[in-house]
Amino acid sequence: MIKTDICIVGAGPGGAAAALRLSHLGIPSVVVEKAVFPRDKICGDAISGRALTILRRIDPGIIDRFDAASSEQFSVWGIRFGAPNGAQIDVPFKPKYDPIADPKQGYVSKRIDFDNRLVDEVKKRDNIALHQGISIEKYERIPEGYLLSNADGSFQVQARLLIVANGAHSAFSRHHAGLEKDEAHHAGAVRAYYRNVKGLHPDNFIELHFLNELNPGYFWIFGLPGGYANVGVGMRSDFISRRRFNLTKSLEDIIANHPSFKDRFKDAERLGKTMGYGLPLGSKRRLISGDHFMLVGDAGHLIDPLSGEGIGNAINSGYIAAEQAQQCLATNDFSANTMLAYDQRVHRVLGKEMELSYRIQRIMARPWLINFVTNRIVRNPSLLYLIAAMYTDLDMRKRGLNPFFWIKALMKKSS
Ligand SMILES: Cc1cc2nc3c(=O)[nH]c(=O)nc-3n(C[C@H](O)[C@H](O)[C@H](O)COP(=O)(O)OP(=O)(O)OC[C@H]3O[C@@H](n4cnc5c(N)ncnc54)[C@H](O)[C@@H]3O)c2cc1C
């Protein structure tokens, strides 16, 4: 049996970030991972600027090494939005960006590559013990903390503190931490890889299309290196259940028949199967820690409820969990009460944005409103600066929580 202060379950972006931050703080950890890397993860493969910022904070060299493998990723400079009426707008992350001189704002990279690179970073650290190919199936609360075991008990870890980062289907999260799936705060999504999709943006803006047949949800096309694209659809789970909606069929339908897309996919070839997975959304605040444990990333239901972006939040929460672990070790206190500081910091860092995203998610359920906003912007592209300001101006973000602010601003600007 292994005895350790800190055990991290799962070596996806959340678990890897926690282990790396701990390592840089000089704190050893044991990481147990079910898969053997490189492993795939069903995802849209869009890696946000936030993810890059936190990784740079952990170790600036990570991104430099990642950049060196340029055949694995594309830099992304903005988002192309498509409205239900077919109108499209391109929103750069930064007005007047320079793809050569400006720092990267985000990437698209297959998760099989991106996650493997992070795990390579983990492998380089002397004070991280990574055990791959072991699935933790049993969690026993003991006076010292937790005793973890695989199915037949041949692998066991005793830890004072558990960082649970084993993704959207985490059994610990559901059965020990009590985070039940709530369909109004959960989404389903499917994705497939295609080659030779036409009409991708020259600076690789990712594409989100809000279509009548998918409302409330969206269809995405994210261009990848080598002529590939990650293509998918997602929708909130309560709508999927209520309508008995088949996401895979809907994706195939859009690609084959939708007037805006069928020509773009005419010569495209699908590689492999269409595959789906759950997205536990952060639109409902939950308790994500307790006696001797913290939940990170998808295990803590921390996916953005509007964009479905979860990699950045997983990395961010992993980083925060590592710093909380440092405090716990320093004070020898792993009580639920002390662990609340983790919840509070995660909420302070991510809460406002989750709230804003949730409000916009509900507004986006009205196709007429998306059409209205898109038409205004198509007629008056300077409105894009209003949207770009949302990313940088805090006051604007606060006002942005009020949908009437947006409607008034758009009417004023376009009149
Ligand atoms: C279709 C789809 C599209 C998405 N698109 C995007 C996107 O474009 N951008 C974005 O930012 N987010 C996207 N997301 C969300 C994103 O995939 C997740 O938020 C992200 O992977 C969360 O990282 P994580 O480290 O918490 O969990 P994961 O990446 O799921 O990692 C969990 C790890 O734990 C391991 N594990 C599981 N069970 C055990 C066990 N019992 N014992 C040991 N190890 C275990 C797994 O093997 C895995 O390696 C998408 C999700 C879906 C489903």
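Residues numbered from 1 in each chain as written. Predicted model: local features only at pLDDT ≥ 70, side-chain atom pairs only at ≥ 80, totals over all residues. Heavy atoms only, no water.

**Details of unusual backbone geometry**
Then, number 1: With an omega of 0 degrees, the peptide bond between Phe37 and Pro38 qualifies as cis.
Then, number 2: By secondary structure assignment, the location of Pro38 is in the loop between strand S2 (29-33) and strand S3 (46-47).
Then, number 3: One non-glycine residue, Lys96, lies in the positive phi region at around 50 degrees.
Then, number 4: Considering the arrangement of structural elements, one finds Lys96 in the loop between strand S6 (88-92) and strand S7 (107-109).
Then, number 5: Given the relative accessible area of 73%, Lys96 is considered exposed.
Then, number 6: For Asn204, which is not glycine, the phi torsion reads 55 degrees and is therefore positive.
Then, number 7: Residue class for Asn204 comes out buried when judged on its relative accessible area of 7%. (Helix = DSSP H or I, 4+ residues; strand = E, 2+ residues; numbered from the N terminus. Buried < 20%, exposed > 50% of the residue type's maximum accessible area, 1.4 Å probe, protein only.)

**A closer look at the environment of Arg39**
Then, number 1: Within the element layout of this structure, Arg39 appears in the loop between S2 and S3.
Then, number 2: Between the C-alpha atoms of Arg39 and Arg111, which are 72 residues apart in sequence, the distance is 8.1 Å.
Then, number 3: At a separation of 2.8 Å, a polar atom in the side chain of Arg39 contacts the side chain of Asp115. (Polar contact = N/O pair within 3.5 Å; in protein donor to acceptor, adjacent residues only side chain to side chain.)

**Observations concerning the sheet that holds strand S16 (residues 269-280)**
Then, number 1: Strand order in the open sheet formed by seven strands is S6-S5-S13-S14-S15-S12-S16, with mixed pairing between adjacent strands. On the outer flanks of this sheet lie S6 and S16, each paired with one strand and no other. Pairs of neighbouring strands in the sheet enclose a mean axial angle of 20 degrees, with direction left out of account.
Then, number 2: Where strand S12 (residues 186-195) lies against strand S15 (residues 228-236), nine bridges are found, and the strand directions are antiparallel. In the sheet register, Tyr194 faces S15, and the bridge partner there is Ala229.
Then, number 3: On top of the sheet, helix H7 (residues 247-257) reaches S12, strand S14 (217-224), S15 and S16; it is set at about 130 degrees to S15, its chief contact. (Pairing = 2+ DSSP bridges. Axes fitted to C-alpha atoms, helices over the stretch in contact; angles between N-to-C directions. Contact = heavy atoms within 4.5 Å.)

**Notes on the site of the ligand**
Then, number 1: The immediate surroundings of the ligand are formed by 36 residues, with Gly14, Glu33, Gly44, Ala46 and Asp298 found nearest.
Then, number 2: One of the backbone N or O atoms of Gly14 is found 2.9 Å from an oxygen atom in the ligand.
Then, number 3: Between an oxygen atom of the ligand and a side-chain N or O atom of Asp298, the distance comes to 2.7 Å.
Then, number 4: Burial of the ligand by the surrounding chains reaches 93%, relative to a free accessible area of 1,000 Å².
Then, number 5: When contributions to the shell around the ligand are tallied by element, the ones reaching two or more residues are helix H1 (13-24), S2, S14, S16 and helix H8 (311-331).
Then, number 6: Counted by class, the shell around the ligand contains 17 nonpolar, eleven polar and eight charged residues. (Near = heavy atom within 4 Å. Areas by Shrake-Rupley, 256 points an atom, 1.4 Å probe, with all protein chains shown as cover. Nonpolar A, V, L, I, M, F, W, Y, C, P; charged D, E, K, R; others polar.)

**Regarding the confidence of the model for the protein chain**
Then, number 1: For the protein chain, the average pLDDT comes to 90, and 89% of its residues sit at 70 or higher.
Then, number 2: Every residue in residues 390-415 scores below 50 in pLDDT, and together they form 35 contacts with partners more than four places removed in sequence or on other chains. (pLDDT = per-residue confidence, 0-100.)

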